[in-house]
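# Chains, contacts and geometry: an overview
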Amino acid sequence: MMTLRKFLLGTAALALASTSLVLGACAPKDKGESAQISAEAAPLGLSAPDEKVFAQYFNVAERDVSETEANQALKALNLDAEGVMSWESRKGQAGNYVYTDVTSKTDEGSLSIGTAELFGVHMVDDEASFDRANFKDMVLQGEDVNLNIGAMSVARPSPKMAQAIISALQSKDGLDDLETKIDVDETVSFGAISIDDINVSGDEANGNISHIVWGVDEENRVADGKIGKVDFTLTGQNNTTSKLVFEGGSARGLNMNAYQDVSPTGPNLGLGQILGQMNLYAKPYDNIVVGEGSFTNDFVKATFEGFEGKAVEKGGVTTITQVGKPFRFSFLKQPEGPRAAQGYDTLKRLGFDEIVLRSSQTQILDQNNDTIAVQDGLIDMEDGFRLNYTYEAEGLSAMVEKAKLQQANNNSDTDEVTAPTVEETLNALEPVKLRTMKMSLEDKSIVERGLKLASEMSGQSEGNLKKQLKLAIMAATFMGKSDLESEIIGQFGMAATEFIEDGGTLTVSVNPPAPISVKALAESRENNLNPKDIGFSASVTPPEE
């Protein structure tokens with residue numbers, strides 16, 4: 001049986017993982033008598049940045065390199081003489097070189113590069129590096145797939161990254177071998193990278209990506225990224241084909257400081273390591289734009305109109321507005337797989353030819369008051385339901401400090417990576433206090449559709465199903481292990497029964513007279529909480545005539 005402790009703990013852990021808590025914001029006098037109505041956010045009208053934004057990231061200062069140092073670096077990179085990799089010609093001096101008609105062949109395939117330019121080849125202590133590399137007309141031919149890249153540029157790589165790139169080009173596995181050249185404990189980075197005119201052809205995938213570009217403002221620790229149009233045809237089992245088309249997207253002003261020191265390595269992957277280096281109140285980005293896209297095959301069709309996000313920080317308060325434009329999904333015919341076929345059958349029985357979802361919310365991170373809140377939260381399913389939500393919590397900074405202290409006190413000598421225990425999670429959540437929460441589910445035919453489906457599947461009338469639900473709720477009320485559990489089950493059960501009987505809008509509120517610890521809620525039995533301590537209410541607003 002799901003206990004209140006498990007329910008609250010699971011909810012809190014899930015919410016914290018996405019840096020927000022499912023907590024609410026409504027006036028203390030409101031005890032669920034009125035429904036939460038969220039205002040749907042209008043499209044933000046954002047657009048992807050043009051190429052001029054990224055040009056600055058590839059500017060590198062001219063480096064004064066002696067011939068001795070340059071030759072030492074070339075030798076360390078295996079670019080001083082032909083070996084696994086060969087070339088038609090090499091020109092240049094003092095750290096700047098141009099290679100033409102570069103080739104590398106193995107039993108498993110070949111790599112060719114029309115032109116490779118290296119600028120600022122130098123040594124960093126005893127490691128070789130370069131300031132920028134440009135590769136043009138790259139062709140990688142393998143057993144199952146061919147890859148063509150019109151142009152690729154990398155600027156300001158760390159020594160380990162520079163070595164990994166050159167080593168991967170000389171490897172039989174090509175760029176697929178890049179990840180094997182990097183140790184997780186080593187510093188690897190680059191200031192910017194761009195890849196243009198990517199074409200893939202093979203047995204399982206054929207398509208192209210117009211461009212990918214990423215640049216980091218190292219002084220301010222923010223990044224910009226962009227991906228162009230994606231157009232792929234994928235071949236699956238039984239030669240079924242799927243078409244993926246994506247108009248691209250971008251991100252501006254991504255905060256690189258928020259997670260820069262977070263690492264999955266170490267003796268224990270506790271909450272202190274996960275949260276300890278994060279500033280949960282830092283502005284995560286300036287804006288994010290996801291363009292239109294579609295995925296189709298013989299059985300399904302999915303389209304989405306995009307996503308927009310915008311964050312603004314002023315005086316320690318960050319406001320993040322997100323708008324999920326309509327996402328549409330439909331089955332074109334019954335799929336062959338048993339699970340997909342069951343999904344097809346369920347949608348048809350519910351009477352949906354197409355599922356249409358949209359969403360929006362505004363999140364407010366107030367570092368001054370140590371609070372996090374969501375206003376006008378909305379998830380809307382066309383002709384199904386409308387979920388409105390709002391919530392607020394405090395104490396995130398104290399939670400991070402407690403998690404860091406808890407991690408510091410962990411003297412485990414093992415190198416095994418372990419997830420946080422339930423007790424560790426609860427202890428870390430102790431400083432987090434719920435202020436308010438309110439959620440309203442508006443019926444837009446989902447109740448009628450659900451009852452009809454349940455009736456068909458059980459072979460019972462809708463009237464009998466409603467009677468059985470009422471009896472189950474009455475029995476559950478007496479099974480509560482405390483007054484609080486019995487009160488919540490009773491109130492919610494009666495409201496849910498009315499909602500299923502008559503439709504309308506089901507509203508659930510939590511309005512404690514004073515902010516209450518999430519840990520105390522999860523351990524409500526141990527803390528002898530009563531209904532007044534959390535201000536719980538559940539009610540139904542009748543449907544409009």
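Our structure's up above, just so we're on the same page.
Read on for an overview of the structure. Everything numeric in this text was worked out from a predicted model, so none of it was measured. (Residues numbered from 1 in each chain as written. Predicted model: local features only at pLDDT ≥ 70, side-chain atom pairs only at ≥ 80, totals over all residues. Heavy atoms only, no water.)

The next thing to look at is the overall build of the protein chain. Each helix and strand counted, the protein chain has 13 helices and 26 strands in total. Within the span of the protein chain, comprising 545 residues, buried residues form 43% of the whole. Across the protein chain, contacts joining residues at least 24 apart in sequence account for 65% of those joining residues at least 6 apart. Carbon and sulfur atoms make up 51% of the accessible area of the protein chain, which amounts to about 28,300 Å² in all. (Helix = DSSP H or I, 4+ residues; strand = E, 2+ residues; numbered from the N terminus. Buried < 20%, exposed > 50% of the residue type's maximum accessible area, 1.4 Å probe, protein only. Contact = heavy atoms within 4.5 Å. Areas by Shrake-Rupley, 256 points an atom, 1.4 Å probe, with all protein chains shown as cover.)

To continue, consider the nonpolar core. Counting 39 residues, the largest nonpolar core has Leu-79, Tyr-99, Ile-113, Val-121, Phe-135 and Met-152 as its most contacted members. When residues in this core are grouped by element, the largest group, five residues, is from helix H4 (residues 159-169). Not counting the four nearest positions on each side in its chain, Phe-135 is found in contact with Ile-113, Thr-115, Ala-116, Gly-150, Ala-151, Met-152, Ile-166 and Leu-169. In this structure, Tyr-389, Tyr-391, Leu-484 and Val-508 belong to the second largest nonpolar core, which totals 23 residues. (Core = buried A, V, L, I, M, F, W, Y, C linked by side-chain atoms within 4.5 Å.)

On to the pairing of strand S7 (residues 132-141), then. As paired strands, strand S4 (residues 109-119) and S7 are joined by nine bridges and run antiparallel to one another. Pairing of Ser-112 across the sheet is with Val-139, part of S7. In the sheet, S7 pairs with strand S8 (residues 145-155) via nine bridges, with the strands oriented antiparallel. Considered in S8, the bridge of Met-138 is made with Ile-149. (Pairing = 2+ DSSP bridges.)

The residue Gly-306 is located in the loop between strand S17 (300-304) and strand S18 (307-314) in this model. If sequence neighbours within four positions are ignored, Gly-306 has contacts with Val-290, Gly-291, Glu-292, Val-323, Gly-324 and Lys-325.

It is worth spelling out unusual backbone geometry at this point. For Ala-94, which is not glycine, the phi torsion reads 50 degrees and is therefore positive. Its location among the elements puts Ala-94 in the loop between strand S2 (89-93) and strand S3 (96-106). At Asp-370, a position not held by glycine, the phi torsion is positive, near 55 degrees. Relative to the elements of secondary structure, Asp-370 occurs in the loop between strand S20 (355-366) and strand S21 (371-381).

Their axes nearest at 8 Å, the elements helix H10 (residues 462-478) and helix H11 (residues 483-502) cross at an angle of 170 degrees. Taken together, the axis directions place H10 and H11 in an arrangement best described as roughly antiparallel. Of the residues in H11, those in contact with Lys-466, Leu-469, Lys-470, Ile-473, Ala-476 and Thr-477 of H10 are Ser-486, Ile-489, Gly-490, Gly-493, Met-494, Thr-497, Ile-500 and Glu-501. Within the contact of H10 with H11, the residues separate by chemical class into six nonpolar, five polar and three charged. (Axes fitted to C-alpha atoms, helices over the stretch in contact; angles between N-to-C directions. Parallel < 35°, antiparallel > 145°, perpendicular 65-115°, else oblique. Nonpolar A, V, L, I, M, F, W, Y, C, P; charged D, E, K, R; others polar.)

This brings us to the pattern of salt bridges. Two side chains that carry opposite charge are able to pair once their charged atoms sit near each other. If you walk through the whole model with that rule in mind, you get 15 salt bridges. The residue Arg-435 makes a salt bridge to Glu-392 at a minimum N-O spacing of 2.8 Å. Here Arg-435 is found in strand S23 (residues 433-443), whereas its partner Glu-392 is found in strand S22 (residues 385-394), with 43 residues between them in sequence. Classification of Glu-392 as buried rests on a relative accessible area of 18%. With its nearest N and O atoms 3.7 Å apart, the salt bridge here joins Lys-466 to Glu-501. Highlighted residues: Lys-466 in helix H10 and Glu-501 in helix H11, separated in sequence by 35 residues. In this structure Glu-501 comes out as partly exposed when scored by relative accessible area, which is 35%. (Salt bridge = Lys/Arg side-chain N within 4 Å of Asp/Glu carboxyl O.)

This part takes up a negative patch on the surface. A cluster of acidic side chains, namely Glu-143, Asp-144, Asp-203 and Glu-204, defines a negative patch on the protein surface. Position of Glu-204 relative to the elements: it lies in the loop between strand S9 (192-202) and strand S10 (205-217). Residue class for Glu-204 comes out exposed when judged on its relative accessible area of 60%. (Patch = residues over 30% accessible without salt bridge, like charges linked within 9 Å, V, L, I, M, F, W, Y side chains within 5 Å. Lys, Arg positive; Asp, Glu negative; His and termini not counted. Charge placed at Lys NZ, Arg CZ, Asp CG, Glu CD.)

The full count for this structure, using the stated rule, is six aromatic pairs. With centroids separated by 6.4 Å and ring planes inclined at 50 degrees, the aromatic side chains of Phe-54 and Tyr-57 adopt a geometry described as tilted. Exposure remark for Phe-54: the relative accessible area of 2% places this residue in the buried category. The class of Tyr-57 is buried, set by a relative accessible area of 7%. Ring plane angle 10 degrees and centroid distance 5.9 Å describe the contact between Tyr-389 and Tyr-391, whose orientation is recorded as stacked. Accessibility expressed as a relative area gives 12% for Tyr-389, which makes it buried. (Phe/Tyr/Trp six-rings, centres within 6.5 Å; stacked < 30°, edge-to-face > 60°.)

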